[in-house]
Amino acid sequence: IPDALTTTMSPAGCPHVNSFKVDNWKQNLRVIYQCFVWSGSAETRKRKAKSCICHMCGAHLNRLHSCLYCVFFACFAKKHIHEHAKSKRHNLAIDLLYGGIYCFMCQDYIYDKDMEQIAKEEQRKAWKLQGTTALPTCSRTTRCGIGEKYSTWEPTKRELELLRHNPKRRRITSNCTIGLRGLINLGNTCFMNCIVQALTHTPLLRDFFLSDRHKCEMQSNSCLVCEMSQLFQEFYSGHRSPHIPFRLLHLVWTHARHLAGYEQQDAHEFLIAALDVLHRHCKDDNGKKANNPNHCNCIIDQIFTGGLQSDVTCQVCHGVSTTIDPFWDISLDLPGSSTPFWPLSPGGDGSALNGESHTTGATTLTDCLRRFTRPEHLGSSAKIKCSGCHSYQESTKQLTMKKLPIVACFHLKRFEHSAKLRRKITTYVSFPLELDMTPFMASSKESRMNGQYQQTVDPFNNDNKYSLFAVVNHQGTLESGHYTTFIRQHKDQWFKCDDAIITKASIKDVLDSEGYLLFYHKQFLEYE
Amino acid sequence: MSKESRMKATINQKLTEMGERERLKELLRAKLTECGWKDQMKAHCKEVIKEKGLEHVTVEDLMVEITPKGRALVPDSVKKELLHRIRAFLAQHAT
């Protein structure tokens, strides 16, 4: 809704602009913007750099203004432009930093609709130009162009109408509970409920659905994406009574037959199945064919899909064969399972970075990730055909992250289903609130291999930093258990979702919990 | 002009020429929005407008009122990062 300030300001500006708006004023104004305010090309930038100084004191700062009636630059702070205006009776000047027009008669900046329009157009032109100019040197932390300029949302006529006809407003305060809603258990369906809680509190997914971005092209009523959209509406409606997700359950049974029935299922399996169905139903939106899985740009892929690099090194010729596979989650083996847990020395790579301590001897998430990304000798019974040696050789295999997803889900493999035993591993694994994935990246491994053992940690590289936002826990045994979820609201408030019951939780509650599925969200998002 | 202000002018020229000034401005804008500084300033502006009265307040009034607070509230991390960027740029383009 437009600010009160702008509605009382007349869009016709002040009466003193009329003496300026003669002859070829529009073109003249454009030239001023192009040359001295928003210089898009290298040429205009050079000229601006040289000529934009105060004609009276030589300063380049102090809020430099240009007279609109003649070629005169002077600073505002020292009142040099005021002197010029008075002596020459040139009443209008333009701020060279922001492009605002100042009227010396009104003694304030004025907002003339026509001039604003010209300003907007010239700014966009300059931005576009800067975006495509390739610069001779680009440091790693600098991007070549700036891209589209961010402009704040302004409602259209239709939107203003809608807002006027629907005067009820919902105010989001820091202790408001919107977005929190319990889910009724329909018979061992906590495995579904716990995942729904995690998904409805995934910020990017929430934003996607609440801004109505799903345009359904499915003919039948069985689109799971539509149902998710409906679910988000329910969660953010402000209703406090628990929601009964019977339609969602029915759709899950329809599309993921292996999860049908009233038995308790695995929450992790449900997560993967749900993402898969959503991904397939989303793809129909984009018109992409199912046989091109690598080029899907659906919201699920944008948020959850990462790339896992697998390097197989031949022990004889040291040739490396690399493949990259997409992933939605990382499944981590735990100590105490029947798979050998690499004996890790305390501390070392990663742990110090993620602020974990080994004083208690507890295994950390970072330990599990280190184990996951360690080189593994494949043994004489698993020789790989090496394209360099043209024969079967022993090799080592190593997994690293090539591309990190926006939301990273870690699955702690607590349920063991080997031939001889079925059991739950309850080993406590400590996980951090903030996680830096840098040590596990393929690029970090390459640096290590090139002999750079001590990586210069760039304090301003935020690409690999993650924040915890949801934790799914399993209580009980393999045969009879119960799932609950901790979710994060408003940056530092946590809530426990136990089917229909939502209670406030402390950060300590969350971090002390056993942890089964851990959901992390990238802290900083870059534009593509 | 003093030696210091001459140096400042030279640096400014170089930054403007190479388009780095615009990039830094946008980086600063993004950082200040991210850390909530922009919202704080907006709130303060509204207070000043309420005080002075909607009909009489000028941009100049606002500038005088909010500039000291604005300068003080810029987080150190933002200052550090900008400085780091400027230094890196100058190192690359040293003549």
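This is a predicted model, so every value here is computed, not measured.

Cut-offs applied
Along each chain, residue indices are assigned from 1 in the same order as the chain's sequence is written. Each chain is given a letter, starting from A, and each ligand a number, starting from 1, according to the order in which they appear as written. At least 70 in pLDDT is required for a residue's local features to be given in this predicted model, at least 80 for side-chain atom pairs to be given and counted, and no such filter applies to totals for whole chains, interfaces and linings, which use all residues. Only hydrogens and water are removed before side-chain values are computed, so all heavy atoms of the structure are retained for them. A run of H or I in DSSP becomes a helix once it reaches four residues, and a run of E becomes a strand once it reaches two; helices and strands are each numbered from the N terminus. Whether two residues are in contact is decided by their heavy atoms, any of which lying within 4.5 Å being enough. Surface accessibility in these figures is a Shrake-Rupley result with a 1.4 Å probe; residues are shielded only by whichever protein chains are displayed. Note on definitions: salt bridges are taken to be side-chain nitrogens of Lys or Arg within 4 Å of carboxyl oxygens of Asp or Glu. Remark: exposure states derive from per-residue accessible area (1.4 Å probe, protein chains only) relative to the maximum for the residue type, with buried under 20%, exposed over 50%, and partly exposed in between. A pair of strands is considered paired only if DSSP assigns at least 2 bridges between the two. Among buried residues, the Ala, Val, Leu, Ile, Met, Phe, Trp, Tyr and Cys ones that are joined through side-chain atoms within 4.5 Å form a nonpolar core. A fitted line through C-alpha atoms represents every axis, and for helices the fit uses only the stretch in contact; the resulting angles, taken between N-to-C directions, go from 0 to 180 degrees.

Report on the overall build of chain B, specifying residues and quantitative values.
Along chain B, the regular secondary structure elements total five helices and zero strands. In chain B, the share of contacts with a sequence separation of at least 24, taken over all contacts with a separation of at least 6, comes to 67%. For chain B, the exposed area adds up to about 6200 Å²; of that, 57% sits on carbon and sulfur atoms.

Go over the pattern of salt bridges with me, naming the residues and quoting the values.
Oppositely charged side chains are able to pair whenever their charged atoms sit close together. Residues and elements named next belong to chain A. Taken as a whole and judged by the stated rule, the model has 24 salt bridges over all chains. Among the salt bridges present, the one from D367 reaches R370, with a minimum N-O distance of 3.5 Å. Linking D367 with R370, this pair stays in helix α13 (residues 365-372), spanning three residues, or about one helical turn. With respect to burial, D367 and R370 carry one shared label: buried. Ionic contacts of the salt-bridge type, sharing partners, join the residues R30, E121, E122 and K125 into one network.

Go over the pairing of strand β1 (residues 64-67) of chain A with me, naming the residues and quoting the values.
All names here are of chain A. Covered by surrounding structure in β1 are L64 and S66 together with H65 and C67, the residues of both alternating faces. Across three bridges, the pairing between β1 and strand β2 (residues 73-75) is antiparallel. Looking at the pairing, L64 lines up with C75 of β2. Between β1 and β2, which pair antiparallel and follow one another directly, the connecting turn spans five residues.

A description of the pairing of strand β22 (residues 501-505) of chain A should follow, citing residues and the corresponding values.
Summarising the sheet, strand β21 (residues 493-498) of chain A and β22 of chain A pair through five bridges and their orientation is antiparallel. Residue pairing across strands places D498 of chain A opposite I501 of chain A, the latter belonging to β22 of chain A.

Account for the nonpolar core, with residues named and values stated.
Residue and element names in this part refer to chain A. I195, L205, I300, F304, Y483 and F519 are the most contacted members of the largest nonpolar core, which has 59 residues in total. The leading source of residues in this core is helix α11 (residues 267-286), at nine residues. With near-sequence residues (within four places) excluded, F304 lies in contact with L199, L205, L275, F327, W328, P405 and V407. One finds C54, C103, I110 and A119 within the second-largest nonpolar core, a separate group that totals 37 residues.

Would you mind going over the sheet that holds strand β4 (residues 101-103) of chain A in detail, with residue names and values included?
All names here are of chain A. Overall, antiparallel pairing links the five strands, which are arranged β2-β1-β3-β4-β5 in an open sheet. With partners counted over all chains shown, the strands left at the sheet margins are β2 and β5 (108-110), one partner each. For this sheet the average axis-to-axis angle between neighbouring strands, irrespective of direction, equals 40°. Sheet strands in contact with helix α2 (residues 25-37) are β2, β3 (92-95) and β4, and its direction is about 35° off that of β3.

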